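Understanding the architecture of this molecule
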Amino acid sequence: MSRPKVYIDGKEGTTGLQIYDRLAAREDIDLLLIGEEKRKDPSERKKFLNEADLVFLCLPDAAAVEAVGLIENGRTRVIDCSTAHRTAEGWAYGFPELSGQREAVKAAARVANPGCYATGFLSLVRPLVEKGALSPKARLTCHALSGYTGAGKKAVAQYTDPDRAEELESPRHYAVTLSHKHLPEMAAVAGLDRPPLFTPMICDYPQGMVVTVPLWAEELEGAQSVESLRALYADYYAGSPVVTLRPADAPSCGFIGANNLAGTDGLQIFVNGNREQLMLSARLDNLGKGASGAAVQNMNLMLGFEETAGLEL
């Protein structure tokens, strides 16, 4: 049986390079490589897009839409890592751990890879809405901090410049208009009537993020304590090698380090708080489960491989 042909359109970007790193040594696929001088040639890209059995799109939104339009056969399957198709009809949402999504991804011709912040938020909120513990009408707040690689090649160059501005040494709020591009998928996939108030920060380290949702216990139905929420998540993610619940007695000294999972493809959930207030947190690598690791996980499911093949867990 021939090995499936895989092509990364946009391999030179941060996400594309990380996908390539996870696939380069694999012997169960044929990785198609476009010549450096041809990677922006539309006709050459079109040839590769139609030759591949599966394509990763690591492109800006408009370019991703254009790339899909260049595929003229009914065989090539697509994983889009841009924002363009995350709430689009006919596209499966590539978060296999959410109910029903693993089978949807396996069968899909088109899969939208989730955003990194959305992944953390949805891992916490979707189970609560789905299980009836949180109303779809809830008015939520979400705080998050991430390494600078999530902002792309320009940010990486800025942060790694020896002569960089002093202000880059401290965490910086951004998306201060409260209109971050991940908000539509955060609301739609969570099953919420409205998106959360979302306040992200970019920090002076390369990879890793923590996404936190604070709640009043009185806003929840049934699961109104740290213990009951832990039980809900333990049941929801039971058996998952990728999404895990952090042990209640894990030594942390009261801190959740944002870059502890850098270089890995898993996601950890934390439940903390007291009788009245609860703090739900998800820790992941913004380039791992938040981007390239998730894309490879989705590829594995779509092509019938071991789900965690090529992942670092």
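Residues numbered from 1 in each chain as written. Predicted model: local features only at pLDDT ≥ 70, side-chain atom pairs only at ≥ 80, totals over all residues. Heavy atoms only, no water.

Some thoughts on the overall build of the protein chain
Within the protein chain, the regular secondary structure consists of 9 helices and 13 strands. By principal-axis analysis of the C-alpha atoms, the protein chain measures approximately 60 × 50 × 35 Å. Counting every position in the protein chain, which comprises 313 residues, the buried fraction comes to 52%. For the protein chain, restricting intrachain contacts to residue pairs at least 6 apart in sequence, the fraction spanning at least 24 positions comes to 71%. For the protein chain, the separation between the mean place of its 32 positive charges and that of its 40 negative charges on side chains is 3 Å. (Helix = DSSP H or I, 4+ residues; strand = E, 2+ residues; numbered from the N terminus. Buried < 20%, exposed > 50% of the residue type's maximum accessible area, 1.4 Å probe, protein only. Contact = heavy atoms within 4.5 Å. Lys, Arg positive; Asp, Glu negative; His and termini not counted. Charge placed at Lys NZ, Arg CZ, Asp CG, Glu CD.)

Looking at the sheet that holds strand E10 (residues 209–216)
Strand order in the open sheet formed by 7 strands is E8-E9-E7-E10-E13-E12-E11, and the pairing between neighbours is mixed. Bordering the open sheet on either side are strand E8 (172–173) and strand E11 (243–245), each of which pairs with just one other strand. Taken together, the 7 bridges between strand E7 (residues 141–147) and strand E9 (residues 197–203) define a ladder with parallel strand orientation. Along E9, the bridge assignment pairs Ser 146 with Ile 202. Set on the sheet, helix H5 (residues 116–130) makes contact with E7, E9, E10, strand E12 (267–273) and strand E13 (277–284); between it and E10 the angle comes to about 35°. (Pairing = 2+ DSSP bridges. Axes fitted to C-alpha atoms, helices over the stretch in contact; angles between N-to-C directions.)

What to know about the environment of Arg 22
Assignment of secondary structure puts Arg 22 in helix H1 (residues 14–23). With 184 residues separating them along the chain, Arg 22 and Pro 206 place their C-alpha atoms 18 Å apart. If we ignore the near neighbours within four places in the chain, the residues touching Arg 22 are Asp 265, Leu 287, Gly 288, Ser 292, Gly 293, Val 296 and Gly 310. Among the polar contacts made by the side chain of Arg 22, one reaches the side chain of Asp 265 at a distance of 2.7 Å. (Polar contact = N/O pair within 3.5 Å; in protein donor to acceptor, adjacent residues only side chain to side chain.)

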